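Given next are the chains, with one letter for each unit.
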Amino acid sequence: MILGRQHRRLAVMYNSIRVCRCLKAYPSIIRQCGARRSYSQLTSMQLDLKRALQSADLQSVNGSSFADRSQLKYARRLVIKLGSAVITREDEHGIALGRLASIVEQVAECHLEGRECIMVTSGAVAFGKQKLTHELLMSLSMRETLSANDHARKDVRTLLKARAAAAVGQSGLMSLYDAMFSQYGVKIAQVLVTKPDFYNDETRKNLFSTLSELISMNIVPIINTNDAVTPPPQDDDLIKSKGKKVISIKDNDSLAAMLAAEVNADLLILMSDVDGIFTRPPKQEGAKMIWTYNSDMADIIQFGKKSTVGTGGMDSKVQAATWALNRGVSVVICNGMQEKAIKSIMVGRKIGTFFTNAPTANTTPVETLAENARYGSRILQKLPAVDRASAIYALAELLISKQAAILDANEKDIAIATKEGTAAPLISRLSLTPAKLKSLAIGLKQIAETSHTNVGKVLKRTKISENLNLTQVTVPIGVLLVIFESRPDCLPQVAALALSSANGLLLKGGKEASHSNKALMDVVKEALATVGAQDAISLVSTREEISDLLSMENHIDLIIPRGSSDLVRSIQDQSAHIPVLGHAEGICHVYVDKDANLEKALTIIRDSKCDYPAACNAMETLLIHEDLFASPFFNEVCDMLKRENVQLFSGPKLSSRLTFGPPQAKSLKHEYGELACAIELVSGLESAVNHIHTYGSGHTEVIITENSDAATKFQRDVDSACVFHNASSRFADGFRFGLGAEVGISTARIHARGPVGVEGLLTTKWILNGDGHAAAEFAEGGGRTYVHEHLPVDN
C-alpha cells in the first residue's frame, strides 16, 4: 500500500514523539506543535497519532487487525511469546543459547526501529533444572563414591520439582536476557505475574499501568508467570470477571493473548517448535500447512498431543490466537527455530500461520497451483504429441484473434508505467504491438512443429542380455517456476515451451505488466482447455514474495529467472534447494582480429551493441587487435558508436596509449545494459581469449576474422555458451536459433547451456524390459552373461 504525504508525516511525528518521550527531550517536537506539553500529554499525542496511522493505511475488518501479511510492516506494538521448546535445548538440559541470541537480536532490531516490543518468555523451569541438576550431582558425588551401586545419580531428575526449579532459574534467565539485550543498548525489565493477577481488578490495573510506564520509557518488558507460586491451570476456556468473559490463563499462549489484547498490540507472534498450523499433526500423512487461518477453518483441524516440553499444545495456541484476533490483534504462529523468523514476518514473508478475520481470498493458494501443475504435467505427458501440438497451434491463433483484448490490457500497463515515470527502454520492453503478437504466433507455430518428437524420444537402446533390453527416453522435468520482469511477451513463449515438453508451469510476472499478463494467461488457459489440461499452467498472482516461492522445493523442480542481472543473481543466491537455470550477467565480447574484414566488423559491432542494448546478448566490451589501433578503422569504429549515442569507456591498455580519449572503465567485468561499452586493445588471439576468460560471464563471444584457422581456434578455446564467427552476438536467441522461443539463456555447464528451448526442459528415464531376469543369475556360475550390445535407435 502506498502511503500518502499526510500518512508519511504522521509516521514521522509518531516516531519522533516516541523517541522524545524516551529521552525526555521533547521540547523541540512540541514546539513544532505550537505549545509546550507535559510528558503525559506526549503519551496521549502518540496514541492519537498511532490511531491516525492505522486508520490511514489499514483496510481492517474489525477496526484494528491487519487484513493480510503485507500490512504487518506497519505493526508498531508487538507481543512476542517464546515457547519452552524454542527457549530450551532439544535434550531439555538448559537454554538454547544460540537460538535465543538470534531472537534477542531480532527483537532489539525491531525495538531500535521504533517499534514497541513486549516479550512473554518461558524457560525459567528448564534453566533452573539445569542448575539444580548440577548441584544435586555434586551433593550426591560423595554418596556415589562410598557406594558404587548407589542409583541416586540416575534418578536425580526425578528429585527436581518444577516450582523450585523456576525459583532458581528465573534470576539466571533474566540475567541472560539482560546481558544479551545490553549488547544492543536496549534496557529490559522483568515482570512476574500469576494467573489470579488478571482476575483481580486491582492487580490487573497495576500490571497494565506498569507495562504502560515501561513502554513509555523505552524499556522492553519481559513477562513470565511466577511458576514458583503459580496455582494450577484453570479448567474453563473462559472465566468471568465482573460479568465479562476473559480468556483463562492456562499457559504462556493464553497469557500472551491476554496481554496483547489489554495493551492494544498490533501483532502477537507465538513462537513454538512447529512451522505453523496444520490440518492434522504435522507428522501424519496428508497433513497440510495452513498459511492463512480464519474462524471458518476450525472444523478442518485435527490436533495432536501437547508438547513434551511446554504446557500448551497447538489447540491452546489456536484458541489463544483466535481470542486475541477477535479483540483486534493480528496473530502469527511460527517456528521460533526458523532463522530470522521475526524479521521475515515483519516484512510480509510467508512465515508461519497468519490469523485474519478478513474474508478468504478468491485466489488459489500457490501450493494448490503447484500441485495442479504437477497433475497437469502428467496429463500432458499422456497425451499424443499431436494433441500437445494442436494446443500450441490454438494458442498461436488466439494471440491474433484476441489481439484487441490483449492490446487493451497492455495499454493500461503502459499508462501506469508512463504516469510513474518509467524509463523509455523499460516501457519499450513492456509494450505489445500487433507486430510483436504476429512474431510471437510465428515462433509458437515453430514450437508446435517440433512437438511431435520431444517427449518419449528414444535416445539410446541397449541389449543387456538375451530378452533383457534397456531404453533411455526423454521425459519432462516436472514443474517449472519461471519468474520474469517487464516483458509480457515471454509468457506465451514459455507457456508453449512447457506445453511442448509436457511440463507443469508456474509463472510469476512483475506487477508492472499485471494487466497484460492476466490477458495473456486467459488465452493460454483457453488453449489448454482444448486438451483438458487447463490447470497445467498458472499465473501466480498472490502476494507471496519470490523468496517464499523459492522455498517450495517439494512442489517445484526447476526455477528459470528472466529479467535483469540483479533479479537473476538474487534468485540464484536465495534458492538453496531448487536448481536455477539462467545467467546472472551477459558480459559479451566482440573481438576484431587483425585479419578481419573491417566493413563486416563495423556492421557486426553496430548490431551487437545498438540493436537492443538492454538485451543480455548485447556487446559490452569491444576487443581490438593492437595492430589496428594506428589504422583508420579505430577512428571509424569510435565515430560510428558515437553517432549511435554509445558512451565509450577505455580499458587500461587503450587508456595508456591515449592522451585524450574515453574515460577509463571502472571495471571490465561489467554489464552496461544500455548504450555504453568498453573498448580494449589485445595483442592477439591468445590475449583475446585470456581477456574473455578473465572478465567474461560465459554468455556469448564473437570473433571477426577472415582467417579460418584463427576462427576455429577461437571457437574451440573460448569457454562460453555461444561462440560466433563473423556474426552479431544478437543471434544468441532461441527464436533465431530455430527453437521457436526460449525460456532463457543458461551459462551453466550442467543440463542445458545457451538459449534453452524444449530440449532443455526435458530429462530422461530408463526403461528396462526383461523376462523373469534376476541380477544374481549374472554372478559367477549363475548361468547368464551380460551382452551390452548397442541397438539402433528408431524414433
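If you're wondering where the values come from, they're calculated on a predicted model, not measured in any experiment.

**A word on the overall build of the protein chain**
Okay, so step 1: Tallying secondary structure elements over the protein chain gives 25 helices and 28 strands in all.
Okay, so step 2: The 795 residues of the protein chain split such that 52% are buried.
Okay, so step 3: When contacts within the protein chain are restricted to residue pairs at least 6 apart in sequence, long-range pairs at least 24 apart make up 72% of them.
Okay, so step 4: As displayed, the protein chain offers around 36900 Å² of accessible surface, 50% of which is attributable to carbon and sulfur atoms.

**Examining the pairing of strand 2 (residues 116-121)**
When a strand is regular, its side chains alternate between the sheet's two faces.
Okay, so step 1: Of all six residues making up strand 2, six are buried, and the element is well covered by its neighbours.
Okay, so step 2: The two faces of strand 2 match: E116, I118 and V120 on one face and C117, M119 and T121 on the other face are all buried.
Okay, so step 3: In terms of strand pairing, strand 1 (residues 77-82) meets strand 2 through six bridges, oriented parallel. For L82, the partnering residue across the bridge sits in strand 2 and is T121.

**Concerning the environment of D535**
Okay, so step 1: Within the secondary structure layout, D535 lies in the loop between helix 18 (514-529) and strand 17 (537-539).
Okay, so step 2: D535 sits in the partly exposed class, given a relative accessible area of 40%.
Okay, so step 3: If we ignore the near neighbours within four places in the chain, the residues touching D535 are N372, A373 and K525.

**Considering the confidence of the model for the protein chain**
Okay, so step 1: Looking at the protein chain as a whole, its pLDDT mean stands at 83, while 82% of the residues score no less than 70.
Okay, so step 2: Scored below 50 in pLDDT, residues 1-43 makes 62 contacts in the model with residues more than four places away or belonging to other chains.
Okay, so step 3: Contacts of residues 49-63 to residues separated by more than four positions or lying in other chains number 34 contacts, the stretch itself having pLDDT below 50.

**Notes on a nonpolar patch on the surface**
Okay, so step 1: On the surface, a nonpolar cluster with roughly 260 Å² of combined accessible area is contributed by F731, F737 and L739.
Okay, so step 2: Topologically, F731 is positioned in the loop between strand 24 (722-725) and strand 25 (744-746).
Okay, so step 3: Since its relative accessible area comes to 42%, F731 is described here as partly exposed.

**Side note on the sheet that holds strand 27 (residues 762-769)**
Okay, so step 1: The four strands are arranged 27-14-13-28 in an open sheet whose pairing can be described as antiparallel. The open sheet is flanked by strand 27 and strand 28 (789-791), the only strands paired with a single partner. Direction aside, the axes of adjacent strands within the sheet are offset by 25° on average.
Okay, so step 2: The sheet contact formed by strand 13 (residues 458-465) and strand 28 spans three bridges and is antiparallel.

**Remarks on helix 5 (residues 97-112)**
Okay, so step 1: Compared with the 22 Å implied by 1.5 Å per residue over 16 residues, the 22 Å span of helix 5 between its first and last C-alpha is a close match.
Okay, so step 2: For helix 5, the complete set of buried residues consists of R99, L100, I103, V104, Q106, V107, A108, C110 and H111.
Okay, so step 3: At the exit of helix 5 stands G114, carrying a positive phi of roughly 110°.

**As for the pattern of salt bridges**
Okay, so step 1: One pass over the full model with this rule turns up 29 salt bridges.
Okay, so step 2: A salt bridge links R77 to E116; its shortest N-O distance comes to 2.7 Å. Remark: E116 occurs in strand 2 and R77 occurs in strand 1; sequence separation between them is 39 residues.
Okay, so step 3: On the accessibility criterion, R77 (16% relative accessible area) is buried.
Okay, so step 4: For the salt bridge of R115 with E113, the shortest nitrogen-to-oxygen distance reads 3.3 Å.
Okay, so step 5: Overall, E113 belongs to the partly exposed group, its relative accessible area being 42%.
Okay, so step 6: A single network of salt bridges, built from pairs that share partners, joins E109, E113, R115 and K343.

**Some words on the nonpolar core**
If you look at soluble globular proteins, the nonpolar side chains tend to sit buried side by side.
Okay, so step 1: Formed by 55 residues in total, the largest nonpolar core has its most connected members in L380, L491, L505, L507, V524 and I537.
Okay, so step 2: In contact with L507, other than residues within four places in its own chain, are V482, F484, L491, V494, M521, I537, S538, L539 and V540.

**Some words on the environment of L675**
Okay, so step 1: Following the sequence through the fold, L675 ends up in the loop between helix 23 (652-657) and strand 22 (676-682).
Okay, so step 2: In this structure the C-alpha to C-alpha distance between L675 and Q647, which are 28 residues apart in sequence, comes to 6.2 Å.
Okay, so step 3: Each residue touching L675, except ones within four places of it in the same chain, is listed here: K609, C610, P613, E644, N645, V646 and Q647.

**What about the sheet that holds strand 20 (residues 619-625)?**
Strand pairing within a sheet occurs via backbone hydrogen bonds; the two strands may be parallel or antiparallel.
Okay, so step 1: Strand order in the open sheet formed by six strands is 21-22-20-19-23-24, with parallel pairing between adjacent strands. Looking along the sheet, the strands with just one partner apiece sit at the ends: strand 21 (647-650) and strand 24. Direction aside, neighbouring strands of the sheet carry axes that sit 20° apart on average.
Okay, so step 2: When strand 21 meets strand 22, the two strands line up parallel, connected through four bridges. The partner of L648 across the bridge, within strand 22, is C677.
Okay, so step 3: Against the sheet, helix 25 (residues 708-717) contacts strand 19 (588-592), strand 23 (700-704) and strand 24, and its axis sits at roughly 175° relative to strand 24.

**Details of the packing of aromatic side chains**
Okay, so step 1: Scanning all chains against the criterion turns up seven aromatic pairs.
Okay, so step 2: Considering the side-chain rings of Y591 and F714, the 6.3 Å spacing of their centres and the 25° angle between planes classify their relative orientation as stacked. Within this pair, whereas Y591 is found in strand 19, its partner F714 is found in helix 25, the two being separated by 123 residues in sequence. Of the two residues examined, Y591 and F714, each falls in the buried class.

**Some details on helix 24 (residues 685-695)**
Okay, so step 1: Among the residues making up helix 24, those that are buried are L685, S687, A688, V689, H691 and I692.
Okay, so step 2: Contacts from the buried residues of helix 24 go to strand 19, strand 20, helix 23, strand 22, strand 23 and helix 25.

**So, the side chain of K343**
Okay, so step 1: Here K343 is to be found in helix 11 (residues 341-346).
Okay, so step 2: For K343, a relative accessible area of 17% puts it in the buried group.
Okay, so step 3: When sequence neighbours within four positions are dropped, the list of residues in contact with K343 reads Q106, E109, C110 and E113.

**Looking at the packing of helix 9 (residues 252-262) against helix 10 (residues 314-325)**
Okay, so step 1: Closest axis-to-axis distance for the helix 9/helix 10 pair is 8 Å, and the angle between their directions is 5°. Considering the angle they form, helix 9 stands roughly parallel to helix 10. Here helix 9 contributes D253, S254, A257, M258 and A261 to the contact with helix 10, which in turn contributes S316, K317, A320, W323 and A324.
Okay, so step 2: A breakdown of the residues in the contact of helix 9 with helix 10 according to their chemical character gives six nonpolar, two polar and two charged.

**So, unusual backbone geometry**
Okay, so step 1: Residue N264 is not a glycine yet carries a positive backbone phi of 55°.
Okay, so step 2: Turning to its location among the elements, N264 is positioned in the loop between helix 9 and strand 7 (267-272).
Okay, so step 3: Owing to a relative accessible area of 54%, N264 belongs among the exposed residues under this scheme.
Okay, so step 4: One non-glycine residue, S486, adopts positive backbone phi at about 60°.

**As for the side chain of R115**
Okay, so step 1: Looking at the secondary structure, you find R115 in the loop between helix 5 and strand 2.
Okay, so step 2: A distance of 2.5 Å separates a polar atom in the side chain of R115 from the backbone oxygen of A75.

Scoring rules and cut-offs
Residues numbered from 1 in each chain as written. Predicted model: local features only at pLDDT ≥ 70, side-chain atom pairs only at ≥ 80, totals over all residues. Heavy atoms only, no water. Helix = DSSP H or I, 4+ residues; strand = E, 2+ residues; numbered from the N terminus. Buried < 20%, exposed > 50% of the residue type's maximum accessible area, 1.4 Å probe, protein only. Contact = heavy atoms within 4.5 Å. Areas by Shrake-Rupley, 256 points an atom, 1.4 Å probe, with all protein chains shown as cover. Pairing = 2+ DSSP bridges. pLDDT = per-residue confidence, 0-100. Patch = residues over 30% accessible without salt bridge, like charges linked within 9 Å, V, L, I, M, F, W, Y side chains within 5 Å. Salt bridge = Lys/Arg side-chain N within 4 Å of Asp/Glu carboxyl O. Axes fitted to C-alpha atoms, helices over the stretch in contact; angles between N-to-C directions. Expected span 1.5 Å × (residues − 1). Core = buried A, V, L, I, M, F, W, Y, C linked by side-chain atoms within 4.5 Å. Phe/Tyr/Trp six-rings, centres within 6.5 Å; stacked < 30°, edge-to-face > 60°. Parallel < 35°, antiparallel > 145°, perpendicular 65-115°, else oblique. Nonpolar A, V, L, I, M, F, W, Y, C, P; charged D, E, K, R; others polar. Polar contact = N/O pair within 3.5 Å; in protein donor to acceptor, adjacent residues only side chain to side chain.

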